[in-house]
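Coordinates in review
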Amino acid sequence: LDFPLYLLDGSSIKDRSAYGHLGVVTGALWTPRGRSFDGVDDRINCGDNTALDLNRMTLEAWIKLSELGIRHAIVDRDDTTNRNFRFWVDLNNTLYVQFWVSDVIKDMPGTSTLAANIWYHTVFTYDKNYMRLYINRVQEPSPTAETGDVDNDNVSLFIGISASLGTIIMKGIIGEVRCYNRALNPLEISRNFLATKWRYR
């Protein structure tokens, strides 16, 4: 999945990957830097597709928060009965990831505190050995060991909102979102950061 939201205007948008995922936009106004989410009900529904069944994965996004001390959804693929993964900013303004292995929740909290009105390149990777978080290509201190297969239930992927937890909604701007079916290595993450950071400075 590859959504350069700074390029894609309109209420129905198509990603730039080979799969051509369709995103249905509710609210989330276009800006030259990305889509602006109001923290109330804005969202992008990217649908359900087997290409989004990610056992090994990378979740990557450029984000800018407009308020602190609330939960901000980045990428989310779960509902009340089907749960795969969530990537968000938590109440303490750090990154947070959850995913499910055989219906058992796995958590990884970040350690670096994000500020308001500053752009961040945020990345989560899982290679079936470790979970890792990165901010601006710098890895958070402690990878978390995990080896299981991520649950891949039939459920839509959302940008900017959690389908099961309506209180987790982005309030700010998301510039671009990418999901890979493998874990990018640190060099690849650094290259992606360096290739795109000029847009968010």
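Everything below is about the structure printed above this text.
Just so you know, these numbers come straight off a predicted model, no measurement behind them. (Residues numbered from 1 in each chain as written. Predicted model: local features only at pLDDT ≥ 70, side-chain atom pairs only at ≥ 80, totals over all residues. Heavy atoms only, no water.)

**Concerning the pairing of strand β8 (residues 72-78)**
The element β8 is largely enclosed, with a buried count of 7 among its 7 residues. Pairing geometry for β8 and strand β9 (residues 83-89), over 6 bridges, is antiparallel. By the bridge assignment, Ala73 is partnered in β9 with Trp88. Where β8 and strand β16 (residues 158-159) come together, 2 bridges link them in antiparallel fashion. Opposite Val75, over in β16, you have Ile159 as the bridge partner. (Buried < 20%, exposed > 50% of the residue type's maximum accessible area, 1.4 Å probe, protein only. Helix = DSSP H or I, 4+ residues; strand = E, 2+ residues; numbered from the N terminus. Pairing = 2+ DSSP bridges.)

**Some remarks on the pairing of strand β3 (residues 22-26)**
Because side chains alternate across β3, one face comprises the buried residues Gly23 and Val25, and the other comprises Leu22, Val24 and Thr26, none of which is buried. Taken together, the 3 bridges between strand β2 (residues 12-14) and β3 define a ladder with antiparallel strand orientation. Note that in β3 the partner of Ile13 across the bridge is Gly23. When β3 meets strand β6 (residues 43-45), the two strands line up antiparallel, connected through 3 bridges. Within the sheet, the bridge partner assigned to Val25 lies in β6 and is Ile44.

**What to know about the nonpolar core**
Of all hydrophobic cores here, the largest spans 41 residues; its most connected members are Ile63, Ile74, Phe99, Phe124, Leu157 and Ile159. The set of elements that each furnish at least two residues to this core consists of β7 (57-65), β8, β9, β10 (95-101), β12 (119-126), β13 (130-135) and β17 (171-180). With 5 residues, β7 is the single largest residue contributor to this core. Here Leu157 is in contact with Leu1, Ile44, Asn45, Cys46, Gly47, Leu52, Val75, Asp76, Arg77, Phe85 and Cys179, once residues within four sequence places are set aside. Residues Trp62, Ile173, Phe193 and Tyr200 belong to the second largest nonpolar core, which totals 6 residues. (Core = buried A, V, L, I, M, F, W, Y, C linked by side-chain atoms within 4.5 Å. Contact = heavy atoms within 4.5 Å.)

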